[in-house]
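Fold and geometry: a report
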Amino acid sequence: MPDITHIPKQSLRRYLWTPVREDLARKMVFIGGPVQVGKTTFALSFLRTPPKNETHPAYLNWDRDEHRQRLLNGEMPSGEEIVLLDEIHKFARWRNLVKGLYDTQKSKLSILVTGSARLDYYRKGGDSLQGRYHYYRLHPISLRELDPSANAQTVRLLLRFGGFPEPLFAGSEKEHRRWQKEHQDRVIRDDLRDLEQVREVSLIELLVHHLPRCVGSPLSVRSLSGLLQVAQETAERWLTILERLYFCFRIAPYGSARIRAVKKERKLYLWDWSSAPEGGPRFENMVACQLLKYCHWLEDTQGRLMELRYLRDTDKREVDFVVLRDGVAEFAVECKTGERSVSPAAAYFKARTAIPAFYQVHLGSKDFTHGGSGVRVLPFERFCKELDLP
């Protein structure tokens, strides 16, 4: 297993760096994403002079009293070409404040805004900033971002520690466990209470602890409501809240009546795939995160309309993922930890749908195209490299 503990987190140039740099010359840029995914570190990488850390005069954090006063007074750091605004959305009138800064400083100052899940939530609450910014979603570190050569050992490292920078670069099982506990506590006790008026925090905590068992299977909200002893509408609302907090995401089924595709139940995955059960569920979750990152990358950088779905019919034949670009299926992906023969479901749907490419990805070394069906069977790292996934 490769040792990456010697690589400073600051030295890893994140996959969004170039498009964000280009957009900063024209508009403001907002960076959202899960808590502790590295948004502040990413923002600091755009500073042009040292020290490239939180002590730099161009970094202004609303949580710090002296920074808050400077922002309210409209005092921008002199001689700087960029200003980083962190947690600014905690101010009730933050949209008007940022709009005023941009409208009066845009010819001489680039503005980059970062924040928690509330930034994405609150930016949709009004149109005063419309046309003035681009929004990006920063994802956990993935295979080719960490290792451009896409080595199989790096895949195993990511499966073990996940893609969040702190536990990944620590490379320690103990630190990984501690981080997971603290991360969940922060999502539940800090971000949740900040974003929503929720009284039943202990029940949502129970839901958070239960969801890893649901990874990769069609999720029954009715069953969850029975487990939590709440109304089905309440369980659905809590899942939506956890999606807004970038704790989990769900994907809908895809397919037509011709193949008797299911239409309702969505599958659930976690942004921290290392929280999923080891083996098949964790591998499938990691692939889901990689494909969602691909979709968000094309949406945020190219304006494409992307969707991540799955295929399942009423006879319970299933292919794990289908990626749609501008409403048209681009390719389908089935996940297997082993490198056995091609999935019967993949071959079945390949023959009965118009999806142009079917891939079966695995953790082994075999790479072949199944003669009878045309399904491509290949290692996950080769799949990422051939499709140029971010």
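Let me sum up the structure you'll find in this document. Keep in mind that this is a model prediction, so the values were computed, not measured.

1. As for the sheet that holds strand 3 (residues 82-86)
Across the sheet, five strands lie side by side as 2-3-4-1-5; this open sheet has parallel pairing. The open sheet has two edge strands, strand 2 (59-61) and strand 5 (133-137), and neither has a second partner. Along the sheet, successive strands turn relative to each other by an average axial angle of 20°, direction set aside. In this structure, strand 3 lies alongside strand 4 (residues 110-114), joined through five bridges in parallel fashion. Across the sheet, the residue bridging to Asp-86 is Thr-114, located in strand 4. Sheet contacts for helix 3 (residues 65-72): strand 2 and strand 3; angle to strand 2, the most-contacted strand, approximately 100°. Set on the sheet, helix 4 (residues 94-105) makes contact with strand 1 (28-32), strand 3 and strand 4; between it and strand 1 the angle comes to about 145°.

2. Focus on the sheet that holds strand 6 (residues 248-254)
Judged by pairing direction, the sheet is mixed, and its eight strands sit side by side in the order 7-6-8-9-10-11-13-12 without closing on themselves. Whereas interior strands pair on both sides, the edge strands pair on one side only; in this sheet they are strand 7 (267-270) and strand 12 (368-369). Summarising the sheet, strand 9 (residues 318-325) and strand 10 (residues 328-335) pair through five bridges and their orientation is antiparallel. The partner of Phe-321 across the bridge, within strand 10, is Val-333. Its contacts with the sheet place helix 14 (residues 344-352) against strand 8 (306-312), strand 9 and strand 11 (358-362), and it is angled at close to 45° to strand 9.

Thresholds, definitions, all that
- Residues numbered from 1 in each chain as written.
- Predicted model: local features only at pLDDT ≥ 70, side-chain atom pairs only at ≥ 80, totals over all residues.
- Heavy atoms only, no water.
- Pairing = 2+ DSSP bridges.
- Helix = DSSP H or I, 4+ residues; strand = E, 2+ residues; numbered from the N terminus.
- Axes fitted to C-alpha atoms, helices over the stretch in contact; angles between N-to-C directions.
- Contact = heavy atoms within 4.5 Å.

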